[in-house]
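# Fold and geometry: a report
What follows is the residue order along each chain.
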Amino acid sequence: AVSNPEQACAMVASAQNIFQRSFSLNENIRSIYANLDDRKDAIAKKRDSLSKSLWVGVNFLMPEFSRLILKNHLESIENQGCENFQASLIVDRRILESHRAEIAHDIAKSKKKIELREVDFFNYGINDEIVTRRRLGEVVGDLLNLNDLDDAFMVVAPNEQLYSNHISVLVGALQRDS
């Protein structure tokens, strides 16, 4: 640069021109959006091909009756983009006795197949009063004994909500790790 300042200035100008042409915000945005739909389709196809080979049993827990919990569980089921899962709404048997028609009515509106299962979330006394809450591990153990066809087992708590790709992301992770 000291021995040939004109050549150094020309090189700097050339470098600035290349940088402005290739690294501008507009150019970066164009690069990001070029073929974006094709890249998204390729990712979805890869994800879908992975997720089709693994069957997931998804158990939505409802130990106590709540319209909001029922609504959120049903929305979580409807939101799933993948099809290779069996949704089961797990309801305490005493709640099911008093709310079966209401729950069945809401399940019938679903586009997805939802199995209604009963389990004891509580230990009951002689007069059907709740004596104690059963430990979650015991309840899950009961569900595992009922489950014989699924490759993966998943539990969704009453306060949880699933989004559109939740199950397919889980399946992809399980398949990569196996």
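### Here we look at the packing of aromatic side chains
In this structure the tally under the stated criterion is 1 aromatic pair. Pairing F122 with Y124 gives two aromatic rings, centres 6.2 Å apart and planes at 70 degrees, and the pair type is edge-to-face. Residue Y124 is classed as buried on the basis of its relative accessible area of 19%. Cation over ring: R94 sits above Y124, and NZ or CZ is 4.8 Å from the ring centre.

### Here's the deal with the pattern of salt bridges
If you walk through the whole model with that rule in mind, you get 12 salt bridges. R94 is the partner of E97 in a salt bridge, and the nearest nitrogen-oxygen pair spans 3.3 Å. Here the residue E97 and the residue R94 both occupy positions in helix α5 (residues 93-108), the gap between them amounting to 3 residues, near one helical turn. Exposure remark for E97: the relative accessible area of 56% places this residue in the exposed category. Ionic pairing is found between R100 and E118, a salt bridge with its closest N-O pair at 3.4 Å.

### Some thoughts on the nonpolar core
In this structure, V56, V58, F60, F85, L89, I103 and I167 are the most contacted members of the largest nonpolar core, which totals 25 residues. Where this core is concerned, the elements lending two or more residues are β1 (56-62), α4 (67-79), β2 (85-92), α5, β6 (152-156) and α7 (166-177). Apart from residues lying up to four places away in sequence, F85 is in contact with W55, V56, V58, I77, Q80, K112 and I167. By size, the runner-up hydrophobic cluster in this structure holds 8 residues, among which are V119, F122, V139 and L143.

### So, the pairing of β2
Counting buried residues in β2 gives 8 out of 8 residues, a clear majority hidden from the surface. Every second residue of β2 is oriented toward a common face, with F85, A87, L89 and V91 on one face and Q86, S88, I90 and D92 on the other, all of them buried. Pairing of β1 with β2, which is carried by 7 bridges, proceeds in the parallel orientation. Bridge pairing in β2 links V56 to F85. Bridge analysis of β2 against strand β3 (residues 114-119) gives 6 bridges, and the strand direction is parallel. Residue S88 lies in a different strand from β3, and its bridge partner there is E115. For the segment spanning β2, α5 and β3, crossover handedness is right-handed.

### What about the side chain of D106?
Note on placement: D106 falls in helix α5. Dropping the residues within four chain positions of it, D106 is found in contact with R67, L70 and L74.

### Brief notes about helix α6 (residues 136-146)
Helical geometry: 3.6 residues make up each α-helical turn, so side chains three or four residues apart lie on a common side. Of the residues making up α6, those classed as buried are V139, V140 and L143. Down the axis of α6, the sector holding all buried residues measures 95 degrees, keeping them to one side. Away from the buried face of α6 by more than 90 degrees, exposed residues G137 and N145 are located. Each element contacted by the buried residues of α6 is listed here: β1, β2, β3 and β6.

### What to know about the side chain of N84
Within the secondary structure layout, N84 lies in the loop between α4 and β2. Owing to a relative accessible area of 8%, N84 belongs among the buried residues under this scheme. Here L54 takes part through its backbone oxygen, which lies 2.3 Å from a polar atom of the side chain of N84.

Thresholds applied
Residues numbered from 1 in each chain as written. Predicted model: local features only at pLDDT ≥ 70, side-chain atom pairs only at ≥ 80, totals over all residues. Heavy atoms only, no water. Phe/Tyr/Trp six-rings, centres within 6.5 Å; stacked < 30°, edge-to-face > 60°. Buried < 20%, exposed > 50% of the residue type's maximum accessible area, 1.4 Å probe, protein only. Lys NZ or Arg CZ within 6 Å of the ring centre and 35° of its normal. Salt bridge = Lys/Arg side-chain N within 4 Å of Asp/Glu carboxyl O. Helix = DSSP H or I, 4+ residues; strand = E, 2+ residues; numbered from the N terminus. Core = buried A, V, L, I, M, F, W, Y, C linked by side-chain atoms within 4.5 Å. Contact = heavy atoms within 4.5 Å. Pairing = 2+ DSSP bridges. Right-handed = clockwise from strand over helix to strand, strands pointing away. Arc of directions from axis to C-beta. Polar contact = N/O pair within 3.5 Å; in protein donor to acceptor, adjacent residues only side chain to side chain.

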